[in-house]
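Take a look at the letters that make up each chain.
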Amino acid sequence: MATDRVLTSSALQLGLMEDDIVRINAGGTFFQASLSTLCQVPDSALASMLSGRWEQGLVRDDVGAVFLDVTPAVFELVLSHLRARRIRPEARLPVAAAPY
């Protein structure tokens, strides 16, 4: 699986496992997903951020969730796409009207 390439030894040293749940605060809206779902596209920004290499540079909110300064509706589309890819790897990113 693609996640095997993304979950580097540095991520494992930090105690991150591919089925760990990651809590993300995307523009004030909270999402939860498994690390393997978020990291399944090896060269993506999410995979890089959560690989363990940049752990100290991650911005976290007051409850410890990873904070992303993004539009929640847009992040929700990305997360939905990543979840769909777990079931059907050829799934395409859904097209939606811009939320702004």
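Being a predicted model, the structure only gives us computed values, none of them experimental.

## Some details on the environment of Leu82
Looking at the secondary structure, you find Leu82 in helix α5 (residues 72–87). Since its relative accessible area comes to 6%, Leu82 is described here as buried. Expressed as a C-alpha distance, the spacing of Leu82 and Leu38, which sit 44 residues apart in the sequence, is 6.8 Å. Among all residues touching Leu82, those that are not within four sequence positions of it are Thr37, Leu38, Gln40, Val41 and Leu46.

## Remarks on the pattern of salt bridges
Tallied over the full model, the rule gives one salt bridge. A salt bridge links Glu90 to Arg88, with the nearest nitrogen and oxygen atoms 3.1 Å apart. Using a relative accessible area of 46% as the deciding quantity, one classes Arg88 as partly exposed.

## Focus: the packing of aromatic side chains
Under the defined criterion, the tally for this structure stands at one aromatic pair. Between Phe31 and Phe75, the ring centres sit 5.2 Å apart and the planes meet at 65°, which makes this aromatic pair edge-to-face. Within this pair, whereas Phe31 is found in strand β2 (residues 29–34), its partner Phe75 is found in helix α5, the two being separated by 44 residues in sequence. For the pair Phe31 and Phe75, one class covers both residues: buried. Here the guanidinium or amino end of Arg23 rests over the ring plane of Phe30, the centre of that ring lying 4.2 Å away.

## What about the confidence of the model for the protein?
Put simply, the protein has an average pLDDT of 80, and 75% of its residues get 70 or more. Mean pLDDT across the elements of the protein bottoms out in helix α1 (residues 3–6) (38) and peaks in β2 (97). Per-residue pLDDT stays below 50 along residues 1–14; that stretch engages in 25 contacts with residues further than four places along the chain or on separate chains.

Parameters at a glance
Residues numbered from 1 in each chain as written. Predicted model: local features only at pLDDT ≥ 70, side-chain atom pairs only at ≥ 80, totals over all residues. Heavy atoms only, no water. Helix = DSSP H or I, 4+ residues; strand = E, 2+ residues; numbered from the N terminus. Buried < 20%, exposed > 50% of the residue type's maximum accessible area, 1.4 Å probe, protein only. Contact = heavy atoms within 4.5 Å. Salt bridge = Lys/Arg side-chain N within 4 Å of Asp/Glu carboxyl O. Phe/Tyr/Trp six-rings, centres within 6.5 Å; stacked < 30°, edge-to-face > 60°. Lys NZ or Arg CZ within 6 Å of the ring centre and 35° of its normal. pLDDT = per-residue confidence, 0-100.

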